[in-house]
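Structural description and commentary
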Amino acid sequence: MPENLQKTWLREFYQTVQSHKPHFLAVHCQEVGGKNFEASMSHVDSFVKELLSSDAMKEYSRARVYLDENYKSQEHFTVSAL
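A brief look at the structure comes next. (Residues numbered from 1 in each chain as written. Predicted model: local features only at pLDDT ≥ 70, side-chain atom pairs only at ≥ 80, totals over all residues. Heavy atoms only, no water.)

1. Re the pattern of salt bridges
Counting across every chain of the model gives 2 salt bridges. A salt bridge links Asp45 to Lys49, with the shortest nitrogen-to-oxygen separation between them at 3.2 Å. Of this pair, Asp45 and Lys49 both sit in helix H2 (residues 37-52), 4 residues apart, which is roughly one turn of that helix. Notably, a salt bridge pairs Asp55 with Lys58, separated by 3.1 Å at the nearest N-O pair. (Salt bridge = Lys/Arg side-chain N within 4 Å of Asp/Glu carboxyl O. Helix = DSSP H or I, 4+ residues; strand = E, 2+ residues; numbered from the N terminus.)

2. Notes on helix H1 (residues 3-20)
Spanning 18 residues, H1 covers 26 Å between terminal C-alpha atoms, matching the ideal 26 Å at 1.5 Å per step. Among all positions of H1, only Gln6, Leu10, Phe13, Tyr14 and Val17 are buried. Mapping the buried residues of H1 onto a view down its axis gives an arc of 100°, with all of them on the same face. Among the exposed residues of H1, those oriented more than 90 degrees off its buried face are Asn4, Ser19 and His20. Downstream of H1 by one or two residues, Lys21 has phi in the positive range, about 45°. (Expected span 1.5 Å × (residues − 1). Buried < 20%, exposed > 50% of the residue type's maximum accessible area, 1.4 Å probe, protein only. Arc of directions from axis to C-beta.)

3. Describing the packing of aromatic side chains
Each aromatic ring pair is summarised here by two numbers: the centre-to-centre distance and the angle between the ring planes. Evaluation of the coordinates by the stated rule reveals 3 aromatic pairs. With a centroid separation of 5.3 Å and an interplanar angle of 10°, the aromatic rings of Trp9 and Phe13 are classed as stacked. Of this pair, Trp9 and Phe13 both sit in helix H1, separated by 4 residues, roughly a single helical turn. A connected cluster of aromatic rings, assembled from ring pairs, spans Trp9, Phe13, Tyr14 and Phe47. (Phe/Tyr/Trp six-rings, centres within 6.5 Å; stacked < 30°, edge-to-face > 60°.)

4. As for unusual backbone geometry
Most peptide bonds take the trans configuration, and most residues that are not glycine carry a negative phi. Positive phi outside glycine occurs at Lys21, with the angle close to 45°. Its location among the elements puts Lys21 in the loop between H1 and H2. Taking relative accessible area as the criterion, Lys21 reaches 62% and is therefore assigned exposed.

5. A few points about the nonpolar core
Residues Leu10, Phe13, Tyr14, Val17, Met41, Val44, Phe47, Val48, Leu51, Ala56, Met57 and Tyr60 constitute the largest nonpolar core, which totals 12 residues. At the level of elements, H1 and H2 are the ones that each hand at least two residues to this core. Of all the elements, H2 adds the most residues to this core, at 5 residues. Filtering out sequence-adjacent residues up to four positions away, Val48 remains in contact with Val65 and Leu67. (Core = buried A, V, L, I, M, F, W, Y, C linked by side-chain atoms within 4.5 Å. Contact = heavy atoms within 4.5 Å.)

The values reported here are purely geometric and, on their own, carry no functional implication.
Next comes the structure, spelled out in structure tokens:
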């Protein structure tokens, strides 16, 4: 995800979380890294770190992150394969 798009998306996400104050969150971000899996994994890492370290997320006591980093096997590198 390009940096300016990531910042905009996260800002909107944080505002939504802070205004609705949900008891739990589930976020599915299949395309955060973009279509070039190997080159984009650093964007995914940056996105997850930014999200988990945010003030909006400090209200939550637990977080679970599941990443499929096996981008070499593209036929299995998708939620659709489940």
